[in-house]
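Topology and contacts: notes
These are the residues of each chain, in order.
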Amino acid sequence: VGKKVQAIYLWWHKPVIDKELLQNLPNLKVIANSGVGMDHLDLKLVASFGVKMANAPRAVSSSTADTGMALLLASARRLVEVHNISISPSMEYCEADILGVKVAGATLGIIGMGSIGYKIALRAKAFEMNILYHNRTQRKAQEEQAVGAIYCKKIDSLLQQADFVMVVVSLTPQTHKMIGKRELELMKPTATLINISRGAVVDQDALVAALQTGVIGAAALDVTSPEPLPRDHPLLKLKNVVITPHLGIKTDKASYMITEEAVENILAALNCLPLPSEVLPS
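Treat the numbers as computed from the prediction; the structure is a model and nothing was measured.

**With respect to the nonpolar core**
- One finds Ile 111, Ile 179, Leu 184, Leu 193, Leu 207 and Leu 235 to be the most contacted residues of the largest nonpolar core, which totals 30 residues.
- Among the elements of the structure, α7 (155-161), β7 (164-167), α9 (204-213) and β9 (218-221) are those that each provide at least two residues to this core.
- Looking at this core, the element that brings in the most residues is α9, giving five residues.
- Sequence-distant contacts of Ile 179, that is, excluding residues within four places in its chain, are made with Ile 111, Ile 155, Val 167, Leu 184, Leu 193, Val 201, Val 202 and Asp 203.
- Listed in part, the 27 residues of the second largest apolar core include Met 113, Ile 131, Val 147 and Ile 194.

**Digging into the domain arrangement of the protein**
- Taken as a whole, the protein is organised into domain 1 (2-55 + 251-271) and domain 2 (60-243).
- Relative to domain 2, the C-alpha centre of domain 1 lies at a distance of 31 Å.
- On the side of domain 2, four residues touch domain 1, which itself brings seven residues to the contact.
- For the pair domain 1 and domain 2, the summed buried surface comes to about 520 Å²; carbon and sulfur atoms form 60% of the total.
- In this assembly, domain 1 and domain 2 are joined by one salt bridge.
- As a salt-bridge pair, Asp 39 and Arg 198 come within 3.0 Å of each other at their nearest N and O atoms.
- Here domain 1 and domain 2 share two residue pairs in polar contact (both at pLDDT 80 or more) between them.
- Taken together, the residues that form the side of domain 1 that touches domain 2 break down as three nonpolar, three polar and one charged.

**So, helix α3 (residues 57-76)**
- Helix length check: α3 (20 residues) gives 28 Å between terminal C-alpha atoms against 28 Å at 1.5 Å per residue, within 8%.
- Most of α3 is tucked away, with 14 of its 20 residues classed as buried.
- Following α3 by one or two positions, Arg 78 adopts a phi angle in the positive range, close to 50°.

**Overview of the sheet that holds strand β6 (residues 149-151)**
- Taken together, seven strands build an open sheet; the order of strands is β6-β5-β4-β7-β8-β9-β10 and the sheet is parallel. The open sheet has two edge strands, β6 and β10 (241-243), and neither has a second partner. Between one strand axis and the next, the sheet turns by 15° as a mean value, whatever way the strands run.
- Where strand β8 (residues 192-195) and β9 come together, four bridges link them in parallel fashion. Opposite Leu 193, over in β9, you have Ala 219 as the bridge partner.

Quick notes on the rules
Residues numbered from 1 in each chain as written. Predicted model: local features only at pLDDT ≥ 70, side-chain atom pairs only at ≥ 80, totals over all residues. Heavy atoms only, no water. Core = buried A, V, L, I, M, F, W, Y, C linked by side-chain atoms within 4.5 Å. Buried < 20%, exposed > 50% of the residue type's maximum accessible area, 1.4 Å probe, protein only. Helix = DSSP H or I, 4+ residues; strand = E, 2+ residues; numbered from the N terminus. Contact = heavy atoms within 4.5 Å. Domains from an automatic or database assignment. Buried area = accessible area lost by both parts, 1.4 Å probe. Salt bridge = Lys/Arg side-chain N within 4 Å of Asp/Glu carboxyl O. Polar contact = N/O pair within 3.5 Å; in protein donor to acceptor, adjacent residues only side chain to side chain. Nonpolar A, V, L, I, M, F, W, Y, C, P; charged D, E, K, R; others polar. Expected span 1.5 Å × (residues − 1). Pairing = 2+ DSSP bridges. Axes fitted to C-alpha atoms, helices over the stretch in contact; angles between N-to-C directions.

Here it is, written out as structure tokens:
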């Protein structure tokens, strides 16, 4: 049926798109991805076959922003720890040992102020947080004013000031392990790192060391490398870490909206119209 296939809808990176598959689908016009991240695709290879690509940024931004804020709050108020205390047989604890971090008035540093990052800023404003952001390009003045965000041209400035650092970037060769030993050491010893982008954006070994030695206070991770982590991984043994299994877009409505957005892009490609969410190779 290879000659009949004109479109592929990728759901959680499947099917795997490689040279052999592309060679066997001579009439393929478009690949629509179920999500924003495209690091699982060789964009230049796909483009070399004349195939267009699209992702689903509109469908996922709100759900992913919700996940980011949920992780921030869960870490700040130590929800996993206190849940375990609450369901334990003895429920013995000392209040001084479960003190959380106040979110209102704290400074949130957002690394990557795209559609998801901006929606996180909107949510953080409602929590009365001070907002810093680092991005390849500065947002328009009215957009900054709407959320009270201050642009940090250099990432170092953001890392040194933020109480919570949230990473919301795409995985590219430039962002691979962008948060490493040096960056972690620039953060406050009380700061929390939150990663909702891709696990490989953070140097995981450096993160483990930073958490074990008090270089930073805590981490909240929706993504790891690999996923899932081996069951004996040190990150799974630390009390100052919250880990979720890549929940970012996993809501009932988001899944439906992703499919709608993919169909919209596929129909546009098949009808030789501009793709609403086309992704071009860099």
